[in-house]
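# Chain and residue survey
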Amino acid sequence: MALLIFSPGLVLANDNPFAKAVIIAIGSDKEWLIKDKTATRSGANAGDFYHLFYDRKQVRLRITDSAEDSIASAMQYQNFSIEDIQVDGKRLPLFQWCLSNQQKHSRFLQQGLKVKQDVCSNQGEKGTFTLRLNAATLNALKNGSTLSFKIKPFRSSIYVNFDISDFSDMAEKLNTKVKSVKKTQAPGSAVDSDKVISVEICKANPPKGYAKIKPVEYVCTDAAAKTKAEASVKAIVAKERKLQAKLAAEKELRRKQDDAKALADKKAAEEKLAAEQAALAEVEASKQVVNAEITNKMLAVCMKKWESGEHRCYCEKFIKHAPVGIESDPSCAAQ
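Residues numbered from 1 in each chain as written. Predicted model: local features only at pLDDT ≥ 70, side-chain atom pairs only at ≥ 80, totals over all residues. Heavy atoms only, no water.

### Points about the pattern of salt bridges
On inspection of all chains with the given rule, the structure shows 10 salt bridges. For lysine 114, the salt bridge goes to aspartate 118, with nearest N and O atoms at 2.8 Å. By relative accessible area, lysine 114 is classed as partly exposed at 43%. (Salt bridge = Lys/Arg side-chain N within 4 Å of Asp/Glu carboxyl O. Buried < 20%, exposed > 50% of the residue type's maximum accessible area, 1.4 Å probe, protein only.)

Quick look at the structure:
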């Protein structure tokens, strides 16, 4: 296991060649050395020196055995690999382009293999790696915080992280230093390289009906990246479909629950109305029974009066039951 010691400017690790990974961090406390239209930031670890060089056209990583950034002091490797280059944790599209345009394979930049147009150059025998800049990469460097090289000089990978939070300021100073010089840009320079190197970006788009899902970008010439991007979009779409199905099922369940409640409420209202109507009918029936009883009692009383030839006003309402000869008394209406 690698032993990592963190400090503001540098991360040191033991030099065990069998360690899984070593992280070297060269911070902003290591000043840029601006000289002859170039700028260099350097740091050391376990006797090796790491130099980040910038000349407005390219960036170069050189590993030396002394503080001097020169070919004479450069380390010499037999199997030097560049596995990744990132800015703030994201792979540079230009590095991906180099992988896709390297001879034989695209897994890592291998010492001795040529990259189209020499955009990337791995010269492990000189301890050197160079990357010709295009406008997009230069812009990423100017707006980034950390430039990370993942290299493999021996059996173990090494992460060499340069603080570039002040890269924009340094580039401005460098431009100011040479602004009086007539600029004659050759093909492949920082200004022209976008025309020479066309890193075309494609998109893996979601199917219709999924406009909220963002397309996933990839380098058009990278088949592996295309497969990965399409798989990523497919996974997101599948997740969205599952979510939509769940929401639809929940909506249908709520609808059924609402319908069941509405039906239950309607049935309860109908039962309540039926109960009220039954109660009213019962009251009415009871009233009619009482009225009938009263009528029968009064008829018995009135019949005795009528049989004796008399008619009383309290019998007026029952006059229709009176025998022949008994007539209604109009004066009863006034009482």
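Next comes the rest of the description.
### Some details on helix H5 (residues 223-307)
Here H5 is 85 residues long and its end C-alpha atoms lie 123 Å apart, about the 126 Å a rise of 1.5 Å per residue gives. For H5, the full list of buried residues reads Ala229, Val233, Val237, Leu299, Cys302 and Trp306. Of the residues that open H5, the one with a side-chain oxygen 3.1 Å from the backbone nitrogen of alanine 224 is aspartate 222. (Helix = DSSP H or I, 4+ residues; strand = E, 2+ residues; numbered from the N terminus. Expected span 1.5 Å × (residues − 1). Polar contact = N/O pair within 3.5 Å; in protein donor to acceptor, adjacent residues only side chain to side chain.)

### Focus: the environment of serine 42
Inspection of the secondary structure puts serine 42 in strand E5 (residues 38-45). The spatial distance from the C-alpha of serine 42 to the C-alpha of tryptophan 32 is 7.9 Å, given a sequence separation of 10 residues. Every residue in contact with serine 42, bar those within four places of it in the chain, is listed here: Ile26, Lys30, Tyr50 and His51. A polar contact of 2.6 Å, which involves the side chain of serine 42, links it to the side chain of histidine 51. (Contact = heavy atoms within 4.5 Å.)

### Let's talk about the sheet that holds strand E11 (residues 120-123)
Taken in spatial order, the 6 strands make up an open sheet running E4-E5-E6-E7-E12-E11, and their pairing is antiparallel. Strand pairing shows two members of the sheet lacking a second neighbour, strand E4 (33-35) and E11, which therefore form its edges. Taken over all neighbouring pairs, the strand axes of this sheet differ in orientation by 15° on average, direction set aside. Relative to strand E12 (residues 128-132), E11 runs antiparallel, the two being bridged by 4 bridges. Each residue of the ladder has a partner; that of asparagine 122, found in E12, is phenylalanine 129. (Pairing = 2+ DSSP bridges. Axes fitted to C-alpha atoms, helices over the stretch in contact; angles between N-to-C directions.)

### Description of the state of the cysteines
The term disulfide refers to a covalent linkage connecting the sulfur atoms of a pair of cysteines. For the coordinates displayed, the defined rule picks out 4 disulfides. Linked covalently through their sulfurs, cysteine 98 and cysteine 120 form a disulfide whose S-S length is 2.1 Å. When the S-S torsion is 85°, as for the bridge of cysteine 98 with cysteine 120, the disulfide is right-handed. With cysteine 98 in helix H1 (residues 93-100) and cysteine 120 in strand E11, this residue pair connects regions lying 22 residues apart in the sequence. Look at cysteine 98 and you get buried, because its relative accessible area is 0%. Residue pairing for cysteine 313: its cysteine sulfur links by disulfide to cysteine 332, the two sulfurs lying 2.0 Å apart. When the S-S torsion is -85°, as for the bridge of cysteine 313 with cysteine 332, the disulfide is left-handed. Linking cysteine 313 in the segment after H5 with cysteine 332 in the segment after H5, this pair joins segments that are 19 residues apart in sequence. We classify cysteine 332 as buried; its relative accessible area is 9%. (Disulfide = S-S within 2.5 Å.)

These figures capture arrangement, not role.
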